[in-house]
Amino acid sequence: MKASAVLRERESQIHRKGKEPFSIECNKESLAGAVSQRACVFCGSRVVLYPIADALHLVHGPIGCAVYTWDIRGALSSGPELHRLSFSTDLQEMDVIFGGEKKLYNALIELIDRHSPKAAFVYSTCIVGIIGDDMGAVCNRVSKEKGIPVLPVMSEGFKGNKREGYQAACDAMFKLVGTGDTTAISPHSINILGDFNLAGEIWLIQEYFNKIGIEVVAKITGDGRVDDIRRAHGASLNVVQCSGATMELANMMKRDFGIPSVRVSYFGIEDMADALYDVAEFFKDPVIMDKAKSLVRSEIEKIMPELNRYKAALKGKKAAIYVGGAFKAFSLVKAFRTIGMDVVMVGSQTGTKEDYEELQEITDQGTIIVDDSNPLELSSFLKEKDVDVFVGGVKERPIAYKLGVAFCDHNHERKEMLAGFQGMLNFAKEVYTSVMSPVWKFVPRRTKREFDVGLVERINKGEKP
Ligand code: SF4
């Protein structure tokens, strides 16, 4: 790699498997000036809480913070859609000087009267942290006056990285847990944590669990409802997807309500099957396990013929992955293997040391593993490894397209369901369609490469270049 692509202070956050003994620094503040792909603390909270569809989401801060996160996820709701509106107190210069508490109070009263939400989340932003508005006091006052939970989310953008945002979201949600009625909940019941119902995925996952005889009490937070979260402590098990976003909520529920948790992923055949088996195993009921086995068998039988066709075409192609949480990266490495492709670069915004250790165990020699990367580094890795497809989110898409590399969106705003068995087939189809598109022949990098290959051939033949 050219030295110019990686700042010296960033070198310890990049590992090349096989070149040196495993070592990577992570879970630290982003390097100033490195233009990290990470979002701020506030954004971390917003993406976790956003899919709660019958709650009011009010951003206390300048309008830019609200615009930046407006309708940020393709999280679908089967009922109310209040979450899709973005409200802001739109703090101005005078509010910064004299304080924004009055404005916040007035905004909450007006919005609650107008929309009758089941609860309200009030997000703190950078400037609110600086001027020191007492958001807790305003929220308490409004909660008493209006008779609904009004929850401050302490997510000042500057106070850490995206992980702190997850923590702030979990702290706010935890105030709801334990306040609802749990009668009539089955002993074979779970909460689904960490799935955000992109393109309706949580409905498919819920259907799988229902088919094997398990009740879903609360979906946290995809297609989420305030009343379901309030009774989530009545479930027997928390099934947590993704390493960062909602794990802390599961930990708090274990501490205060004794609810155990399992970590799962719904991406890829192996991980989806393991998720069902792990949950079935927990209930120690042979009927549930038999149902899980037969569901897995029939779903795999359905998708395999088409999946094998994609595999034949994609065999040996190279993929790069850069996602928010490393847990998704594990599943993607396995999913690419299922369709015959090689992962040559993998990274995340918020992975832990354990996450990266696991990534280096499951990847091939020479794979680049990177923490908290930036556009310049990612571009250089994509070029160096000459990848055929890049998987990431909205901030990674332009990097791929500018380089003339196929892209697959595996983040917030996608419209295609990628979870579950059907999701694996959709993923393979999307990767196939993007990689095989004839358009890549005409973009600069590919054109140049073909030209260079021709040039080398001509030189080898002794022709004039
Ligand atoms: S909270 Fe701070 S860092 Fe986050 S969007 Fe607002 S101003 Fe930017």
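Residues numbered from 1 in each chain as written. Predicted model: local features only at pLDDT ≥ 70, side-chain atom pairs only at ≥ 80, totals over all residues.

**Q** Even after reading the chapter, I still don't get the sheet that holds strand 1 (residues 14-16), so can you show me in this structure?
**A** Across a sheet, strands are paired by hydrogen bonds formed along the backbone, either parallel or antiparallel in direction. Strands sit in the order 1-12-11-10-13-14 across an open sheet of six strands; the sheet is mixed. At either end of the open sheet lies a strand with only one pairing partner, and these are strand 1 and strand 14 (406-409). Within this sheet the neighbouring strands show an average axis-to-axis angle of 15°, counted without direction. Across six bridges, strand 10 (residues 318-323) lies against strand 11 (residues 342-348) in parallel orientation. The partner of lysine 318 across the bridge, within strand 11, is aspartate 342. Seen against the sheet, helix 14 (residues 353-362) touches strand 1, strand 11 and strand 12 (368-371) and runs at an angle of roughly 165° to strand 12. (Pairing = 2+ DSSP bridges. Helix = DSSP H or I, 4+ residues; strand = E, 2+ residues; numbered from the N terminus. Axes fitted to C-alpha atoms, helices over the stretch in contact; angles between N-to-C directions. Contact = placed C-beta atoms within 7 Å.)

**Q** For this particular structure, what's the right way to read the domain arrangement of the protein?
**A** The parts lose accessible area when they come together, and the size of an interface is often stated as this lost area. Under the domain assignment, the protein is made up of domain 1 (3-25 + 303-446), domain 2 (41-173) and domain 3 (189-299). The C-alpha-based centres of domain 1 and domain 3 are spaced at 26 Å. Taken together, the elements giving at least two residues each to the side of domain 1 that touches domain 3 come down to helix 13 (326-338) and helix 17 (420-435). By residue number, the principal contributor to the side of domain 1 that touches domain 3 is helix 13, which donates nine residues. A breakdown of the residues in the side of domain 1 that touches domain 3 according to their chemical character gives 11 nonpolar, eight polar and six charged. (Domains from an automatic or database assignment. Nonpolar A, V, L, I, M, F, W, Y, C, P; charged D, E, K, R; others polar.)

**Q** What should I look at first to understand the site of the ligand in this one?
**A** Every residue near the ligand is listed here: Cys40, Phe42, Cys43, Gly61, Cys65, Tyr68, Thr125, Cys126 and Gly157. Elements with a minimum of two residues in the shell around the ligand: helix 1 (41-49) and helix 2 (63-68). Considered class by class, the residues forming the shell around the ligand number six nonpolar, three polar and no charged. (Near = placed C-beta within 6 Å.)

**Q** What exactly am I supposed to notice about the sheet that holds strand 2 (residues 55-60) here?
**A** In space, the four strands of this open sheet follow the order 3-2-4-5, with parallel pairing throughout. One side of each edge strand has no neighbouring strand; the edge strands of this open sheet are strand 3 (87-88) and strand 5 (150-153). Along the sheet, helix 1 makes contact with strand 2, strand 4 (119-124) and strand 5, crossing strand 4 at roughly 160°. Where helix 4 (residues 101-115) meets the sheet, its contacts fall on strand 2, strand 3, strand 4 and strand 5, and the angle it forms with strand 2 comes to roughly 160°.

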